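Residue strings, one per chain:
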Amino acid sequence: MSRQNWLIGLMFLLALGLWRWFDQETGDSQAQSGSIYQPSFTAKALRTQHYDAKGHLKEELAADYAEHYAQLEMSELEHPRITTRDADGKPLWELSGEKGVLNNSDSAILRNQVVLKNLGPQPIAERLTTDYMELDLTNQQMRTNLKVVIEGPGFHNEGVGLLGKLDQNSYELLDNSHAIYFNQAR
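So, here's what we can say about the structure. (Residues numbered from 1 in each chain as written. Predicted model: local features only at pLDDT ≥ 70, side-chain atom pairs only at ≥ 80, totals over all residues. Heavy atoms only, no water.)

Concerning the side chain of N118
Thinking step 1. Relative to the elements of secondary structure, N118 occurs in strand β7 (residues 107–118).
Thinking step 2. Overall, N118 belongs to the buried group, its relative accessible area being 13%.
Thinking step 3. The residues contacting N118, other than those within four sequence positions of it, are L92, W93, P123, A125, E126 and N169. (Helix = DSSP H or I, 4+ residues; strand = E, 2+ residues; numbered from the N terminus. Buried < 20%, exposed > 50% of the residue type's maximum accessible area, 1.4 Å probe, protein only. Contact = heavy atoms within 4.5 Å.)

Shown next as structure tokens:
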């Protein structure tokens, strides 16, 4: 064999070796990142309760299925239902959706057919529906930038975007708001 053939063969083997070495590093990093995002635990028919410093029931969380990721400090939920309560422990709101994410910092995101039902006596707004809702459970604040439908006794209100406080039973539609008011038979 000539020198030229030996040189081409040596370059081919060197290129093959470099390719295998870099491919192995990429595979190792993918394997490591895949193991980081494995759930720490899963649960079916999950139910948790949160109490305040005085021992009063503050919130309840239920979900058909949950995956908790300790490294990310979050849980992914299927069909989550969150019930918030007032200082006396009476239910105020029930929030539900098809999917949800709950962070360890007490913030939640509900997606797909999100429904908020007011469970308090004589509510101004009885039901609120949207497809996306962010909740700060510590401060009892909610917000979305999508279409929102609010129904109550004697009115139907729609708009885009919402800011609200669950504990104060207040909300503000941000854009394109229109309402229909009607008399109720007594």
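The rest of the description comes next.
Quick word on the pattern of salt bridges
Thinking step 1. Under the counting rule described, the total for this entry stands at six salt bridges.
Thinking step 2. Salt-bridge contacts for R47 lead to E60; the nearest nitrogen and oxygen are separated by 2.6 Å. Here R47 is found in strand β1 (residues 41–51), whereas its partner E60 is found in strand β2 (residues 57–69), with 13 residues between them in sequence.
Thinking step 3. As a salt-bridge pair, E78 and K99 come within 3.9 Å of each other at their nearest N and O atoms. Here E78 is found in strand β3 (residues 74–78), whereas its partner K99 is found in strand β6 (residues 99–103), with 21 residues between them in sequence.
Thinking step 4. Since its relative accessible area comes to 31%, E78 is described here as partly exposed.
Thinking step 5. Owing to a relative accessible area of 33%, K99 belongs among the partly exposed residues under this scheme.
Thinking step 6. Several salt bridges share partner residues, and in doing so they unite R47, E60 and R85 into one network. (Salt bridge = Lys/Arg side-chain N within 4 Å of Asp/Glu carboxyl O.)

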